[in-house]
Amino acid sequence: MSTQRIKPAVSMAEIKPELEGLRRRGLLRSALTLGALTMLTGCDLSTHSGVDAALEAMLRFDDRVQAALFSRKRLAETYPASAITRPFRFNAYYAEWQVRLVPDNWVLNVGGLVADKRPWTLQALMALPQQGQITRHICIEGWSQIGQWSGVPLSVFLRRVGADTSARYVYFKCFDGYFTSIDMASALQPQTILALDFEEKPLAPQWGAPLRLRIPTKLGFKSAKNLEAIEVTNKYLGGYWENQGYDWFAGV
Amino acid sequence: MHRRPAHPVAIRVMHWIGVYAMGCMIFSGWEIYNASPSLPFVFPAWATLGGWLGGALAWHLSAMWLLFADGIAYLVYGFASGHFRRDLKPPRPTEVVHDLGAALSFRLKHDLGHYNAVQRLLYGGVIAAVILQVMTGLAIWKPVQFGWLAGLFGGYPIARGIHLATMFCIVAFVLVHVAMVVMFPRTLKSMIVTVPAEIEESR
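Residues numbered from 1 in each chain as written. Chains lettered and ligands numbered in written order. Predicted model: local features only at pLDDT ≥ 70, side-chain atom pairs only at ≥ 80, totals over all residues.

Trainee: Honestly, the overall build of chain A in this entry has me stumped. Any pointers?
Mentor: In terms of regular secondary structure, chain A is built from 6 helices and 9 strands. Buried positions account for 37% of the 252 residues belonging to chain A. By sequence separation, contacts in chain A at least 24 residues apart represent 70% of the contacts at least 6 residues apart. (Helix = DSSP H or I, 4+ residues; strand = E, 2+ residues; numbered from the N terminus. Buried ≥ 20, exposed ≤ 12 C-beta atoms within 10 Å, placed from the backbone. Contact = placed C-beta atoms within 7 Å.)

Written out as C-alpha cells, the structure reads:
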C-alpha cells in the first residue's frame, strides 16, 4: 500500500491571508439584517460588498482617530480595594468548563524584533519588578467590573528583552487558541502589565493562568489570558475577535 | 409678495441626513444594548441594525461621524442664520401651558414656518437630548481618554445608563413628532419641497 501523500498545489500558509479576508467579509455581511435593508435602498443588495467595504473603511478610520486620541501619559482610573467586583465574571470565547489547564513545562516564548529570544519561566518573570492595579475592566458588550491584578509592566519586560520599541505592534498568542495584538504606544503605557496575580493570588486557570495581559486602556477582549508567546512586529496580525469585525484598536 | 420658505433648503437637507444618521444610531444601538441588556428586556432582532455585536458597533461607530458632522453643521447654521434666535426662542412656561392645553384639545394652530410654544419646547428639548447623547456617547466610547467627561456623568456605568435613558427620550420625541406629522401631513411636504411660510413674522 502506498503511503505517499500528494503534495497540495497550495499550502494553507500561502492562502491564509485570503481565507481570513473571506471569513471577515462573510461575518460583516451577516451584519445586514432587515433593519439594514430598510436603511440601504439603492445599495447593491445582492452582495453588500460596497457596504462591507464602507464599514471596514470606517473602522480603519476609527482606529486612526483612536490612536491619535491616545496618550501614553493618561492613566485609567484606579479604585480602592472595597470597590472590587465580587463575584468576578468569567468571560472568554468559550464556556468556563472548557478552560485550559497550564501545560507542563510552561514557558513564555519571545519572538520578533527583540534582542533576546530566550524563553521565560514563571520564576524568572516573578523576579522582575512587579506592579499592582485595581482598575475597571470594560467589556465590548457594555458591562464592566473592577478587578485587581499585579505583575510585570509590559514596558519593563519589553526593555528587558531588548525589544525594538519603534516597532508598530506587540502580538500575543495564547495556549487556548486565542490571539490578539496591540499598538506599541499602548504596550508602553505604564498600566499595561503582564499579570501574574489576580486579587493578590497567583492567577487561577479561568483568570488566565499562569500569565495574562492586563491593559486597562483597552476593551476587555484585548487583555489576553493564558499567554504562551509574545512577538514584537511591524506586521499587522489582527486578533481572534478583530478578524471577525471588532475594531482593532479597541481603546477606551 | 415673495414669502420665505417654511423651511430653508439647508434645514431640509440637514433634517433628512439627521434622520438617516439617527436611525442608524438607534437601530444599531439596540443591537449593542442586546449584547448585555441592563433592563429586563431586549429589542427584537428585526428592529436592530448590524446582525451581531461587531456589525452593530461598526454601524454605530460609522454613523456617529455623520451624526456629529450633521449636528455641528446644524448648530453653526442655527446660530449664524438666526434660525435659533428667530424660530426656537425658549418658550415661557405660561406659553407652554397655554399651547399645551390648546394642543390637547386639538385647538392649537400648526402654521408652517412658525413654531408654537410646545413645538419650541420639544425641538429645543430634542436638540439638547442629542447633544447629551453625543457627550455620553463619547464618555462611554473613551472613558479613559475622555476621563473628565465620564467623570462629569458619574463614571462609566452611570454614563452608559444616561446614554440609554436619553435614547428613550429621543425615541419618545420621534414617536410624538411622527404622530404630529401624520395629523398634519402638509408639514411633511414642507420638509421636502419649498413651501412658503404660512404667516409672516410678527414678533
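Alright, that's what it looks like, and here's the rest.
Trainee: Can you walk me through the overall build of chain B in this structure?
Mentor: Of regular secondary structure, chain B possesses 8 helices and 0 strands. Going residue by residue from the N terminus, the α and β elements of chain B occur as α-α-α-α-α-α-α-α. Over its C-alpha atoms, taken along the principal directions, chain B stretches across nearly 55 × 35 × 35 Å. In chain B, buried positions account for 29% of the 203 residues. Of the contacts formed within chain B by residues at least 6 apart in sequence, a portion of 63% connects residues at least 24 apart.

Trainee: Would you mind showing me how to read the interface of chain A and chain B here?
Mentor: Interfaces are frequently sized by the accessible area removed from exposure as the parts join. Chain A puts 34 residues into the contact, and the matching count from chain B is 30 residues. When contributions to the side of chain A that touches chain B are tallied by element, the ones reaching two or more residues are α1 (12-29), α2 (34-39), α3 (49-69) and β2 (131-138) of chain A. Sort the elements by how many residues they give to the side of chain A that touches chain B and α3 of chain A lands first, with 5 residues. Broken down by class, the residue content of the side of chain A that touches chain B amounts to 18 nonpolar, 10 polar and 6 charged. (Nonpolar A, V, L, I, M, F, W, Y, C, P; charged D, E, K, R; others polar.)

Trainee: Whenever I open this one, the sheet that holds strand β9 (residues 227-233) of chain A confuses me. Can you help?
Mentor: Strand pairing in a sheet relies on backbone hydrogen bonds, with the paired strands running either antiparallel or parallel. All names here are of chain A. Taken together, the 4 strands give an open sheet; going across it, the order is β1-β9-β4-β5, and neighbouring strands pair in mixed fashion. The open sheet has two edge strands, β1 (109-112) and β5 (179-183), and neither has a second partner. Recorded for the sheet is a direction-independent mean angle of 20 degrees between the axes of neighbouring strands. Bridge count between β1 and β9: 4 bridges; the pairing is parallel. From the neighbouring strand, V110 faces β9, where its bridge partner is I230. (Pairing = 2+ DSSP bridges. Axes fitted to C-alpha atoms, helices over the stretch in contact; angles between N-to-C directions.)

Trainee: Honestly, the domain arrangement of chain B in this entry has me stumped. Any pointers?
Mentor: Residues and elements named next belong to chain B. Domain parsing of chain B yields domain 1 (1-78) and domain 2 (88-191). Of note, the centres of domain 1 and domain 2, computed from C-alpha atoms alone, are 14 Å apart. Across the boundary between the two partners, domain 1 contributes 12 residues, which contact 11 residues of domain 2. Of all the secondary-structure elements, those providing two or more residues to the side of domain 1 that touches domain 2 are α1 (9-35) and α2 (53-80). (Domains from an automatic or database assignment.)

Trainee: Looking at this model, I keep getting lost on the pairing of strand β6 (residues 193-198) of chain A. Mind explaining?
Mentor: All names here are of chain A. Across the 6 residues of β6, 5 count as buried, placing the element largely inside the fold. Examined bridge by bridge, β6 and strand β8 (residues 212-214) share 3 bridges and lie antiparallel to one another. The residue bridging A195 from the neighbouring strand is R212, located in β8. A loop of 2 residues connects β6 with strand β7 (residues 201-202), the two strands running antiparallel in sequence, and E199 in this loop sits at a positive phi of about 55 degrees.

Trainee: Mind showing me how you'd approach the nonpolar core here?
Mentor: Soluble globular proteins tend to bury their nonpolar side chains together. In this structure, C24, M25, W59 and A63 of chain B are the most contacted members of the largest nonpolar core, which totals 41 residues. Those elements giving two or more residues to this core turn out to be α3 of chain A together with α1, α2, α5 (117-141) and α7 (156-183) of chain B. Listed in part, the 32 residues of the second largest apolar core include I182, A187, W207 and A209 of chain A. (Core = buried A, V, L, I, M, F, W, Y, C linked by C-beta atoms within 7 Å.)

Trainee: For this particular structure, what's the right way to read unusual backbone geometry?
Mentor: Of all residues except glycine, most have a negative phi; of all peptide bonds, most are trans. All names here are of chain A. Here the amide bond leading from R86 into P87 is cis, since omega sits at 0 degrees, within 30 degrees of zero. Here P87 lies in the loop between α3 and β1. Residue A209 is joined to P210 through a cis peptide bond whose omega torsion reads -5 degrees. Summarising the element assignment, P210 is placed in the loop between β7 and β8. For N105, which is not a glycine, the phi torsion comes out positive at approximately 55 degrees. Note that N105 resides in the loop between α3 and β1. Its 6 C-beta neighbours within 10 Å are what place N105 among the exposed residues. The backbone of A250 sits at a positive phi, close to 50 degrees, despite the residue not being glycine. Note on placement: A250 falls in the segment after β9. A count of 25 C-beta atoms within 10 Å places A250 in the buried class.

Trainee: Is there a simple way to explain the packing of α5 of chain B against α7 of chain B in this structure?
Mentor: What describes two packed helices is the angle between their axes and the distance between those same axes. Residues and elements named next belong to chain B. At a minimum axis distance of 9 Å, the contact between α5 and α7 shows a crossing angle of 150 degrees. Regarding the angle of α5 to α7, the classification is roughly antiparallel. Between α5 and α7 lies a crossing whose hand is left-handed. Facing α5, whose interface residues are L122, V126, A129, V130, L132, Q133, T136, G137, A139 and I140, α7 presents Y156, A159, R160, I162, H163, T166, M167, C169, I170, F173 and V176. Partitioning the contact of α5 with α7 into residue classes produces 15 nonpolar, 5 polar and 1 charged. (Parallel < 35°, antiparallel > 145°, perpendicular 65-115°, else oblique. Left-handed = near helix turned anticlockwise from the far one by under 90°.)

Trainee: Looking at this model, I keep getting lost on the environment of A124 of chain A. Mind explaining?
Mentor: Locating A124 of chain A in the fold gives a position in helix α4 (residues 122-126). Considering only alpha carbons, one finds A124 of chain A and V107 of chain A, 17 residues apart in sequence, at a separation of 9.9 Å.

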